[in-house]
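Letter by letter, the chains look like this.
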Amino acid sequence: MSNTLSKAKGFKKTKSGTYLSMAGTAFGAFGVAKQMKKARTEHDTLRLIDAAVSAAAIVTGLAILYRELKRLGDDDVLLG
């Protein structure tokens, strides 16, 4: 049991774990886009600001995960 748990904890530090984290973070963009659309139609400035801050958090999260992916030494041609 302990060995399985340690493998699961180390998964985030792998390339596939980082890709999975990036996909999950990018998937959150759909919710933010929906929130922005609703805020615009209702003319709700506070909700629009909340959506903008959430979008900035998603962009920052993706940038951090991309940097982590580069540190792992990915051999993907598309990433350079």
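Just so you know, these numbers come straight off a predicted model, no measurement behind them. Along each chain, the written sequence defines residue order, and numbers are assigned to residues from 1. Only residues with pLDDT of at least 70 get local features here, since the model is predicted, and only at 80 or more are side-chain atom pairs given and counted; chain-wide, interface and lining totals rely on the full set of residues. With hydrogens and water stripped out, all remaining heavy atoms of the structure feed into the side-chain values.

Asker: So what's going on with unusual backbone geometry? Residues and values would help.
Answerer: Unusually for a residue other than glycine, histidine 43 sits at a positive phi of about 55 degrees. Here histidine 43 is to be found in the loop between helix H2 (15–42) and helix H3 (45–71). Runs of E in the DSSP output that reach at least two residues are strands. Runs of H or I that reach at least four are helices, and both are numbered from the N terminus.

Asker: Kindly report on the packing of aromatic side chains, identifying the contributing residues and their values.
Answerer: Aromatic pairs are defined between Phe, Tyr and Trp rings, using the six-membered ring for Trp, whenever the two ring centres lie within 6.5 Å; interplanar angles under 30 degrees are classed as stacked, those over 60 as edge-to-face, and all others as tilted. For the structure shown, the criterion picks out one aromatic pair. Ring geometry for phenylalanine 27 against phenylalanine 30: centres 5.6 Å apart, planes inclined by 70 degrees, an arrangement best described as edge-to-face. On the criterion of helical spacing, the pair formed by phenylalanine 27 and phenylalanine 30 is a turn pair, its members being three residues apart in helix H2. We call a residue buried when its accessible area falls under 20% of the maximum for its residue type, exposed when it is over 50%, and partly exposed in between, using a 1.4 Å probe and counting protein chains only. Of the residues examined, phenylalanine 30 reaches a relative accessible area of 58% and is grouped as exposed.

Asker: Please provide a residue-by-residue account of the packing of H2 against H3, values included.
Answerer: The description of two packed helices rests on the angle between their axes and on the distance between the axes. Inter-axis angles, ranging from 0 to 180 degrees, are taken between N-to-C directions of lines fitted to C-alpha atoms, where helices are fitted over the stretch in contact. At their nearest, the axes of H2 and H3 sit 9 Å apart, and the two run at 165 degrees to each other. As summarised for this structure, H2 and H3 are arranged roughly antiparallel, according to the angle between their axes. Crossing hand, H2 versus H3: left-handed. Classes in brief: Ala, Val, Leu, Ile, Met, Phe, Trp, Tyr, Cys and Pro nonpolar; Asp, Glu, Lys and Arg charged; the others, Gly included, polar. Per-class residue counts for the contact of H2 with H3 are 16 nonpolar, six polar and seven charged. An angle below 35 degrees is read as roughly parallel, one above 145 as roughly antiparallel, one from 65 to 115 as roughly perpendicular, and any other as oblique. Handedness of each helix crossing follows the sense of rotation of the near helix against the far helix: counterclockwise by less than a right angle gives left-handed, clockwise gives right-handed.

Asker: Could you give an account of the confidence of the model for the protein, naming the residues involved and the relevant values?
Answerer: Parts of the model with low pLDDT should not have their predicted coordinates read in detail. Confidence of the prediction at every residue is given by pLDDT, a number between 0 and 100. Looking at the protein, pLDDT values average 83 and 75% of them are 70 or higher. Averaged pLDDT values over the elements of the protein bottom out at 59 in helix H1 (residues 2–10) and peak at 93 in H3.

Asker: Before we move on, could you go through the pattern of salt bridges and cite the residues and values that matter?
Answerer: Here, a salt bridge means any Lys or Arg side-chain nitrogen found within 4 Å of an Asp or Glu carboxyl oxygen. In the structure shown here, the tally under the stated rule is two salt bridges. The salt bridge partner of arginine 47 is glutamate 42, with a shortest N-O separation of 3.3 Å. On the basis of relative accessibility, which here comes to 30%, the residue arginine 47 falls in the partly exposed class. As a salt-bridge pair, arginine 47 and aspartate 44 come within 3.7 Å of each other at their nearest N and O atoms. Look at aspartate 44 and you get partly exposed, because its relative accessible area is 28%. Through salt bridges that share partners, Glu42, Asp44 and Arg47 make up one connected network.

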